[in-house]
Structure formats: C-alpha cells, structure tokens
Amino acid sequence: MNQAEDKTCNTIEQTLDGHKAFRKVEEGLYVVKQGSSYVMINVVPWEDRHAVVRCVAQVVKGVEMTPNLTLELLSFNAHLRFGAFAYVEQGSVILFSHSILGGETLDSDELLETIRDVALVSDEWDDKIIERHGGQRMQDLLEEAVFASRTADGPDDFEWSE
C-alpha cells in the first residue's frame, strides 16, 4: 500500500468510525448500508504515489438492458451532480458509482457527500428500475444468500407432526 492509500484509509476510517451503517471489510475496502443499497468504498492505487476512492453501489441485478432503460439511465446521468449509472453484462448488473482523489487532498466533507449521494441515488433507483424493468435489489440478494447458507445443512423438507 502506498503512502496515499494509507492516508486515504485513515481518513475514511476516522470520518466514518462510529456510524452504525459503516463496516470495514478489509484493508482498503469498506461498506455503508443505506436503505436497501450497499455502497462499497474501495481505495485503489493510482500510479506509485496517488490513491483513488471508488464508491460503487450495485443497484439492480438480473435486469435486461433494454433501449428504454438505457435512455432512462443516460438521461438521468446528464442531470446528476456527480456519479453515473453503469451496466455490467456479466450478471446483468446496473451499478451507480463515483470516484474521488484520495491521499492528502481527501476531504471528509467531500467523502461523506460522495457516499451519501451514491447511497441515496442507489436506494431510490433500485425500486424504480425493478418496478419498470425487473431484477433484484442488493439487499434481497444478500438476504437470499444468508437464508440459503443457513438452510444448506438442514433437512430438505419440513417435518409436520400432529
């Protein structure tokens, strides 16, 4: 980890420490929950002496990228203060993301506003997209995964007794 990455991680941890929705996953990777969305905060190197903070929320998974949905998201991108929607073909995933420069210039207010906007846009738009175009929210996918892991070792059928 370069010096800028280290400084960036320290700023993130000092800024978000104590917030109930904040968790450190591992060095340089954090998550913040907002409503039904999760914002992944990733500190990545940029060349040898810089760092970038990438804030990414998976908005919807399993949605078909139709021309109407594409135009809807691109039109909304044009009006956003910052950040943008993106599409990942593998998994049919719509993301919302924004990156800022880390290191010595990382400002706590800018960091909080970035995370807040990514979280709020994602939380609002997951419902809109699902209502109009289908797919699943990140929260729903995580709940399914937790349920599947908890029931994987259990019986296949519930035994009803009288």
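See the structure shown above.
Conventions adopted
Residues numbered from 1 in each chain as written. Predicted model: local features only at pLDDT ≥ 70, side-chain atom pairs only at ≥ 80, totals over all residues. Heavy atoms only, no water. Pairing = 2+ DSSP bridges. Helix = DSSP H or I, 4+ residues; strand = E, 2+ residues; numbered from the N terminus. Axes fitted to C-alpha atoms, helices over the stretch in contact; angles between N-to-C directions. Parallel < 35°, antiparallel > 145°, perpendicular 65-115°, else oblique. Contact = heavy atoms within 4.5 Å. Nonpolar A, V, L, I, M, F, W, Y, C, P; charged D, E, K, R; others polar. Salt bridge = Lys/Arg side-chain N within 4 Å of Asp/Glu carboxyl O. Buried < 20%, exposed > 50% of the residue type's maximum accessible area, 1.4 Å probe, protein only.

Visitor: Describe the pairing of strand 3 (residues 37-46), with residues and values.
Guide: In the sheet, strand 2 (residues 29-34) pairs with strand 3 via 6 bridges, with the strands oriented antiparallel. Within strand 3, the position partnered with L29 by the bridge is N42. Between the end of strand 2 and the start of strand 3, which pair antiparallel, lie 2 residues, with G35 showing a positive phi angle near 60°. Inspection of the sheet shows strand 3 paired to strand 4 (residues 50-61) by 8 bridges, in the antiparallel sense. Counted as the bridge partner of V43 is V53 from strand 4. In this antiparallel pair of consecutive strands, strand 3 and strand 4, the connection spans 3 residues, and E47 shows a positive phi of 60°.

Visitor: Quick one: what's the story with the packing of helix 1 (residues 3-16) against helix 3 (residues 108-133), residue by residue and with numbers?
Guide: At a minimum axis separation of 10 Å, helix 1 and helix 3 run at an interaxial angle of 70°. Classed by the angle they form, the pair helix 1 and helix 3 counts as roughly perpendicular. Residues T11, I12, T15 and L16 of helix 1 form the contact with helix 3, whose participating residues are S108, L111, L112 and I115. Tallied by class, the residues present in the contact of helix 1 with helix 3 amount to 5 nonpolar, 3 polar and no charged.

Visitor: Could you give me a rundown of the sheet that holds strand 3, with the residues and numbers involved?
Guide: Pairing between the strands of a sheet comes from backbone hydrogen bonds, and it takes one of two forms, parallel or antiparallel. Read from one edge of the open sheet, 6 strands run 1-2-3-4-6-5, paired in antiparallel fashion. In this open sheet, the two edge strands, each paired with only one partner strand, are strand 1 (22-26) and strand 5 (84-88). Pairs of neighbouring strands in the sheet enclose a mean axial angle of 30°, with direction left out of account. Where strand 5 and strand 6 (residues 93-101) come together, 5 bridges link them in antiparallel fashion. Bridged to A84 within strand 6 is S97. Along the sheet face, helix 2 (residues 67-77) touches strand 5 and strand 6 and points at about 150° away from the line of strand 5.

Visitor: Give a description of the pattern of salt bridges that names residues and reports values.
Guide: Inspection of every chain in the model, using the stated rule, returns 8 salt bridges. Two residues, E27 and K24, come together in a salt bridge whose shortest N-O distance is 3.0 Å. Under the relative-accessibility criterion, K24 is labelled partly exposed at 41%. One salt bridge in this structure joins D117 and R81, with 2.6 Å as the shortest N-O distance. One end of the pair, D117, is in helix 3; the other, R81, is in the loop between helix 2 and strand 5, and 36 residues separate them in sequence. Residue classification places D117 among the buried positions, given a relative accessible area of 10%. According to the relative accessible area criterion, R81 is exposed, its value standing at 57%. A single network of salt bridges, built from pairs that share partners, joins R81, E113, R116 and D117.

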